[in-house]
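As a plain string of letters, each chain reads:
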Amino acid sequence: MTEYLIQLAYLAIGFAVLVKGADWFVDGAAALAKKFGIPELVVGLTIVAMGTSLPEAAVSITGVLKGSAGISIGNVIGSNICNILLILGVTATITTLQIQQSTIRYELPFMIFISGILLAMGMSGGMITRMEGGILWGFFVVYLIYLKFLTDNTPEEETAEDEDEDGEPPSIGKCVGLIIVGAAMIIYGSDLAVQGAKTLAQLFGMSDRLIGLTIVAIGTSLPELATSTVAALKGDADIAVGNIVGSNVFNILFVVGTTALIVPVRFAEEFVQDGIIAIGVAVLLWAGIFRSAKAGRPLGITLLILYAAYTAHLLGAF
């Protein structure tokens, strides 16, 4: 029992350090970007969106380097499922979400498309190779170009909403300090989290895949869950769907792409089912918001029920 508690402590402390480190990293990077005159919308769509995917990236890369590819792929696929079913489910249950047209027409279909690309890569050889990692990074560059186009065509008044509310902006030294300390915490926290998750999997007789799809996926999605829930409670969650879609895109293209470029990642046969489910819930979300451009309580409750059923299926499967 003592060993279980120790590993649970490692996991909890790792997640706490990881999430706080990502928070500081994003704060420092966003403030530094503003100092150099980078538009607010660009900061939100790139630095902040990537920042919420830093936990997934850190855990995935650490997992592969430690020989736990199941945690890495499970983390990404599980986080994407969790982002849609749990996080959007909670947010839409709290308040009705208005969906941006660009999310319905371009971003969500693109997310479905690259989810299919990832699944096809995994099924083709049971491995995400360095070449395929490069292909994912190619799509990532295309996505960044799209974000730049979107920014250039956004009216100025839409980019001026998020002025600095704290008065005096932080100094460049403080921004750099937040980035360095945040990055160090991300690395240390991810190492602790993977260590705890891997040992728990062995102690409970659970597979790396199951740990990655459940505990690690929820843990690394904490930034999105906290941000979306608080925004919903404050009545300011109109772009929640777009943010989640962006995070899922980054998870596939940046996280998996970067991980595969470092070390080829094994895509176990069991992940085919999870990949199909990830695509299915994304299509369900798109179908649910296509006509009304809204995500309300009925859709939110449906998503939460589906997440409970998916989790029950996973726990019953091991």
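Definitions and cut-offs
- Residues numbered from 1 in each chain as written.
- Predicted model: local features only at pLDDT ≥ 70, side-chain atom pairs only at ≥ 80, totals over all residues.
- Heavy atoms only, no water.
- Helix = DSSP H or I, 4+ residues; strand = E, 2+ residues; numbered from the N terminus.
- Buried < 20%, exposed > 50% of the residue type's maximum accessible area, 1.4 Å probe, protein only.
- Contact = heavy atoms within 4.5 Å.
- Areas by Shrake-Rupley, 256 points an atom, 1.4 Å probe, with all protein chains shown as cover.
- Core = buried A, V, L, I, M, F, W, Y, C linked by side-chain atoms within 4.5 Å.
- Expected span 1.5 Å × (residues − 1).
- Bend = angle between axes of the 7 residues up to and from the residue.
- Polar contact = N/O pair within 3.5 Å; in protein donor to acceptor, adjacent residues only side chain to side chain.
- Axes fitted to C-alpha atoms, helices over the stretch in contact; angles between N-to-C directions.
- Parallel < 35°, antiparallel > 145°, perpendicular 65-115°, else oblique.
- Left-handed = near helix turned anticlockwise from the far one by under 90°.
- Nonpolar A, V, L, I, M, F, W, Y, C, P; charged D, E, K, R; others polar.
- Phe/Tyr/Trp six-rings, centres within 6.5 Å; stacked < 30°, edge-to-face > 60°.
- pLDDT = per-residue confidence, 0-100.

## Side note on the overall build of the protein
Right, so step 1: Check the secondary structure of the protein and you find 13 helices and four strands.
Right, so step 2: Residue burial in the protein is summarised as follows: out of 318 residues, 50% are buried.
Right, so step 3: Contacts spanning at least 24 positions in sequence make up 88% of the contacts within the protein whose residues lie at least 6 apart.
Right, so step 4: Roughly 14,400 Å² of accessible area belongs to the protein as shown, and the carbon and sulfur atoms make up 66% of that amount.

## Considering the nonpolar core
Right, so step 1: Ranked by size, the top nonpolar core spans 76 residues in total, and within it L253 and I289 carry the most contacts.
Right, so step 2: Broken down by element, the residue count for this core peaks at 12 residues, all from helix α4 (residues 69–94).
Right, so step 3: Ignoring sequence-local partners within four residues, the contact set of L253 consists of F110, I114, L136, W137, F139, F140, Y143 and T258.
Right, so step 4: Formed by five residues, the second largest nonpolar core is a distinct cluster that contains A31, L32, C175 and I179.

## A short note on helix α5 (residues 101–125)
Right, so step 1: Here α5 spans 37 Å end to end across 25 residues, near enough to the 36 Å set by a 1.5 Å rise per residue.
Right, so step 2: Of all the bends in α5, the largest measures some 35° and sits at E107, one to four residues before the proline P109.
Right, so step 3: Looking at the residues trailing α5, positive phi occurs at G126, about 70°.

## Topic: the environment of S115
Right, so step 1: As for its position among the elements, S115 is in helix α5.
Right, so step 2: Taking C-alpha positions, S115 is 8.7 Å from I276, a pair spaced 161 residues apart along the chain.
Right, so step 3: At 2.8 Å, the side chain of S115 forms a polar contact with the backbone oxygen of M111.

## Regarding the packing of α5 against helix α12 (residues 271–289)
Right, so step 1: At a minimum axis distance of 10 Å, the contact between α5 and α12 shows a crossing angle of 165°. Taken as axis vectors, α5 and α12 run roughly antiparallel relative to one another. In the crossing of α5 with α12, the sense of the turn from one axis to the other is left-handed. In this structure, α5 uses I104, L108, P109, M111, I112, S115, G116, L119 and M123 to contact α12, whose residues at the interface are V272, G275, I276, I279, A282, V283, L285, W286 and I289.
Right, so step 2: Residue composition of the contact of α5 with α12, grouped by class: 15 nonpolar, three polar and no charged.

## With respect to the packing of aromatic side chains
Right, so step 1: Going through the model one piece at a time under the given rule, you end up with 11 aromatic pairs.
Right, so step 2: With centroids separated by 5.8 Å and ring planes inclined at 85°, the aromatic side chains of Y143 and F250 adopt a geometry described as edge-to-face. Separated by 107 residues along the polypeptide, Y143 in helix α6 (residues 130–152) and F250 in helix α11 (residues 240–262) bring together distant segments of the chain. Judged on exposure class, the residue Y143 and its partner F250 are both buried.
Right, so step 3: Measuring from ring centre to ring centre gives 4.8 Å for W286 and F290, while their planes differ by 50°; the resulting arrangement is tilted.

## Brief notes about the confidence of the model for the protein
Any residue range with low pLDDT should be treated as having predicted coordinates unsuitable for detailed reading.
Right, so step 1: The predicted model of the protein has a mean per-residue pLDDT of 80, with 83% of residues at 70 or higher.
Right, so step 2: The least confident element of the protein, judged by mean pLDDT, is helix α7 (residues 156–159) at 45; the most confident is α12 at 93.
Right, so step 3: For the stretch residues 157–165, pLDDT sits under 50, and the model shows five contacts to residues farther than four places along the chain or on other chains.

## As for the environment of I112
Right, so step 1: Checked against the element boundaries, I112 lands in helix α5.
Right, so step 2: Sequence spacing of I112 and A278 is 166 residues, and the spatial spacing of their C-alpha atoms is 8.7 Å.
Right, so step 3: Dropping the residues within four chain positions of it, I112 is found in contact with I279, A282, V283 and W286.

## Topic: the side chain of T103
Right, so step 1: The residue T103 is located in helix α5 in this model.
Right, so step 2: Taking the relative accessible area as the measure of exposure, T103 reaches 1% and is therefore buried.
Right, so step 3: Polar contacts involving the side chain of T103 include one to the side chain of E107, which spans 3.0 Å.
Right, so step 4: Not counting residues up to four positions away in its chain, the partners in contact with T103 are L108, P109, V241, G242 and V245.

## Quick word on the side chain of N75
Right, so step 1: Relative to the helices and strands, N75 resides in helix α4.
Right, so step 2: Beyond its immediate chain neighbours, meaning those up to four positions away, N75 contacts E56, V59, S60, G70, G212, V216, A217 and T220.

## Some details on unusual backbone geometry
Right, so step 1: Here A293, not a glycine, exhibits a phi torsion of approximately 60°, which is positive.
Right, so step 2: Looking at the element boundaries, A293 is found in the loop between α12 and β4 (294–295).
Right, so step 3: Classification of A293 by relative accessible area gives buried; the value is 14%.

## As for helix α3 (residues 54–65)
Right, so step 1: Spanning 12 residues, α3 covers 16 Å between terminal C-alpha atoms, matching the ideal 16 Å at 1.5 Å per step.
Right, so step 2: For α3, the tally of buried residues reaches 10 of 12 residues, placing the bulk of the element in the interior.
Right, so step 3: Listed as buried for α3 are L54, P55, E56, A57, A58, V59, S60, T62, G63 and V64.
Right, so step 4: Positioned one or two residues after α3, G67 has a phi angle of 80°, which is positive.

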